[in-house]
Amino acid sequence: SQQGEEDPQALSIQEGENATMNCSYKTSINNLQWYRQNSGRGLVHLILIRSNEREKHSGRLRVTLDTSKKSSSLLITASRAADTASYFCATEGGSARQLTFGSGTQLTVLP
Amino acid sequence: GAGVSQSPSNKVTEKGKDVELRCDPISGHTALYWYRQSLGQGLEFLIYFQGNSAPDKSGLPSDRFSAERTGGSVSTLTIQRTQQEDSAVYLCASRLTDGTGYTFGSGTRLTVV
């Protein structure tokens, strides 16, 4: 079953704008991760935020985590056409050692 | 190796045939995962290997699916008597320790005709 649910399902913006994607989940977690996927093949790990962290930055990426609301957001600043991809959140929690993925947000950055 | 390697990259098979998919994880990564992704969908967990522990097979959809990991390194996912609903991209991932990100392979696109 899907643990994380992203919204929006699809997002289209102009190059240079910021893109914000949201993720909600249902059960307690140890950490939440964001991945990027191009062309329906391998995923690339972007950033991991632990349950005791509230915000994390990596380059143009900013991730927030609100465990009281069971939600996270991924902000990509100053977007580029090359950021066009699907973005997935995934949660890891409890005794399970596998990530549970949401259904993803398809981001299109128009040049 | 430098990354997770999967083979073949594409496989077309006839319904009812068996297929084997291979995954070479990053050297030294003790944890290995198989996921599958149907068109436009999120990833569905299949099976997880960690060192010499018994694998977590809780995600395997039926007894037609099996996987093994030899010598704590290479893994093969076998699908017997393939069905059309088995068509998907099968992704392998490895990681060094709990609480870190996964490194994914490029996947095997399986098409059952």
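Bear in mind that the values here come from a model prediction, so they are computed numbers and not experimental data.

Criteria and thresholds
- Within each chain, residues carry numbers counting from 1 in the order of the written sequence.
- Ligands are numbered from 1 and chains lettered from A, in the order in which they are written.
- The predicted origin of the model limits local features to residues at a pLDDT of at least 70 and limits the giving and counting of side-chain atom pairs to 80 or more, whereas totals for whole chains, interfaces and linings rest on all residues.
- Neither water nor hydrogens contribute to the side-chain values; these are computed over all heavy atoms in the structure.
- Only DSSP runs of H or I reaching four residues or more are called helices, and only runs of E reaching two or more are called strands; each is numbered from the N terminus.
- Values of the radius of gyration come from C-alpha atoms, whereas the globule rule sets the reference at 2.2 Å times the count of residues to the power 0.38.
- Only protein chains enter the calculation, and the probe is 1.4 Å; a residue is then buried if its accessible area is under 20% of its type maximum, exposed if over 50%, and partly exposed in between.
- Here a residue-residue contact requires only that any non-hydrogen atoms of the pair lie within 4.5 Å.
- Surface accessibility follows the Shrake-Rupley procedure with a 1.4 Å probe radius. Residue values consider only the protein chains on display as shielding.
- Working convention for charge: Lys and Arg count positive, Asp and Glu count negative, and His plus the chain ends are omitted.
- Note on charges: their place is set at NZ of Lys, CZ of Arg, CG of Asp or CD of Glu.
- When two components associate, each loses some accessible surface as probed by a 1.4 Å sphere; the sum of these losses over both components is called the buried area.
- The working definition used for a salt bridge is a side-chain nitrogen of Lys or Arg within 4 Å of a carboxyl oxygen of Asp or Glu.
- Classification convention: Asp, Glu, Lys, Arg as charged; Ala, Val, Leu, Ile, Met, Phe, Trp, Tyr, Cys, Pro as nonpolar; all other residues, Gly among them, as polar.
- For two strands to be treated as a pair, DSSP must find no fewer than two bridges joining them.
- Fitted lines through C-alpha atoms serve as axes, helices being fitted only where they are in contact, and the angles separating the N-to-C directions of these axes extend from 0 to 180 degrees.
- Here a polar contact is recorded for every N or O atom pair within 3.5 Å, except that within protein the pair must consist of a potential hydrogen donor and a potential acceptor, and residues adjacent in sequence are included only if both atoms are side-chain atoms.

A. Structural detail: the overall build of chain B. Across its full length, chain B holds zero helices and 10 strands. For chain B, the N- to C-terminal ordering of α and β elements is β-β-β-β-β-β-β-β-β-β. Since a compact globule built from 113 residues should have a radius of gyration of about 13 Å, the 13 Å found for chain B is in line with a globular shape. Summarising its shape, the C-alpha atoms of chain B cover approximately 40 × 25 × 25 Å along the three principal directions. When burial is assessed residue by residue, chain B has 47% of its 113 residues classed as buried. For chain B, restricting intrachain contacts to residue pairs at least 6 apart in sequence, the fraction spanning at least 24 positions comes to 53%. Here chain B has roughly 5,200 Å² of accessible surface; of this, 46% comes from carbon and sulfur atoms. In chain B, 11 positive and 11 negative side-chain charges are present, and the distance between their average locations comes to 3 Å.

B. Quick look at the interface of chain A and chain B. On the side of chain B, 25 residues touch chain A, which itself brings 21 residues to the contact. If you sort the residues of chain A by the area they bury against chain B, Arg41, Arg97 and Gln98 of chain A come out on top, with a joint share of 37%. Counting across the chain A and chain B interface gives one salt bridge. The salt bridge partner of Glu92 of chain A is Arg95 of chain B, with a shortest N-O separation of 2.4 Å. Contributing elements (two or more residues each) for the side of chain A that touches chain B: β4 (31–37), β5 (43–50) and β9 (85–92) of chain A. The class makeup of the residues in the side of chain A that touches chain B is six nonpolar, 11 polar and four charged.

C. Just the sheet that holds strand β6 (residues 55–58) of chain A, in detail. Residues and elements named next belong to chain A. Sheet architecture is open: five strands sit in the order β1-β3-β8-β7-β6, paired in antiparallel fashion. Each of the sheet's edge strands pairs with one partner strand only, and the pair in question is β1 (5–7) and β6. For this sheet, the mean inter-axis angle between neighbouring strands, taken without regard to orientation, is 15 degrees. In terms of strand pairing, strand β7 (residues 61–66) meets strand β8 (residues 71–76) through six bridges, oriented antiparallel. When the bridges of β8 are listed, Thr64 appears paired with Ser73.

D. Up close: the side chain of His29 of chain B. Relative to the helices and strands, His29 of chain B resides in the loop between β3 (19–24) and β4 (31–37). Polar side-chain contacts of His29 of chain B include one of 2.8 Å to the side chain of Ser94 of chain B.

E. How the structure looks around the environment of Leu48 of chain A. Looking at the secondary structure, you find Leu48 of chain A in strand β5. Judged by its relative accessible area of 8%, Leu48 of chain A falls in the buried class. Along the primary structure Leu48 of chain A and Leu74 of chain A are separated by 26 residues, whereas in three dimensions their C-alpha atoms are 11 Å apart. In this structure, Leu48 of chain A is in contact with Asn31, Leu32, Gln33, Glu53 and Lys56 of chain A together with Gly99, Thr100 and Gly101 of chain B, ignoring residues within four places of it in sequence.

F. Fine view of the pattern of salt bridges. Residues and elements named next belong to chain A. Counted according to the given criterion, the structure contains nine salt bridges over all chains. Of the charged contacts, one joins Lys56 and Glu53 as a salt bridge, the two residues approaching to 3.9 Å between their closest N and O atoms. In this structure, Asp83 and Arg60 form a salt bridge, with 2.9 Å as the shortest nitrogen-oxygen distance. Taken together, the positions of Asp83 in the loop between β8 and β9 and Arg60 in the loop between β6 and β7 put the pair 23 residues apart, joining distant regions of the chain.

G. Up close: unusual backbone geometry. A cis geometry characterises the amide bond from Asp7 of chain A onward to Pro8 of chain A, with omega recorded as 0 degrees. Residue position: Pro8 of chain A is located in the loop between β1 and β2 (10–14). Each neighbour pair has its own omega, and for Ser7 of chain B with Pro8 of chain B the value is -10 degrees, a cis peptide bond. One can find Pro8 of chain B in the loop between β1 (5–7) and β2 (10–13). Unlike most non-glycine residues, Ala78 of chain A shows phi in positive territory, near 45 degrees. Locating Ala78 of chain A in the fold gives a position in the loop between β8 and β9. Despite not being glycine, Arg81 of chain B shows a phi value in the positive range, around 45 degrees. Structurally, Arg81 of chain B is set in the loop between β7 (75–79) and β8 (88–95). According to the relative accessible area criterion, Arg81 of chain B is partly exposed, its value standing at 42%.

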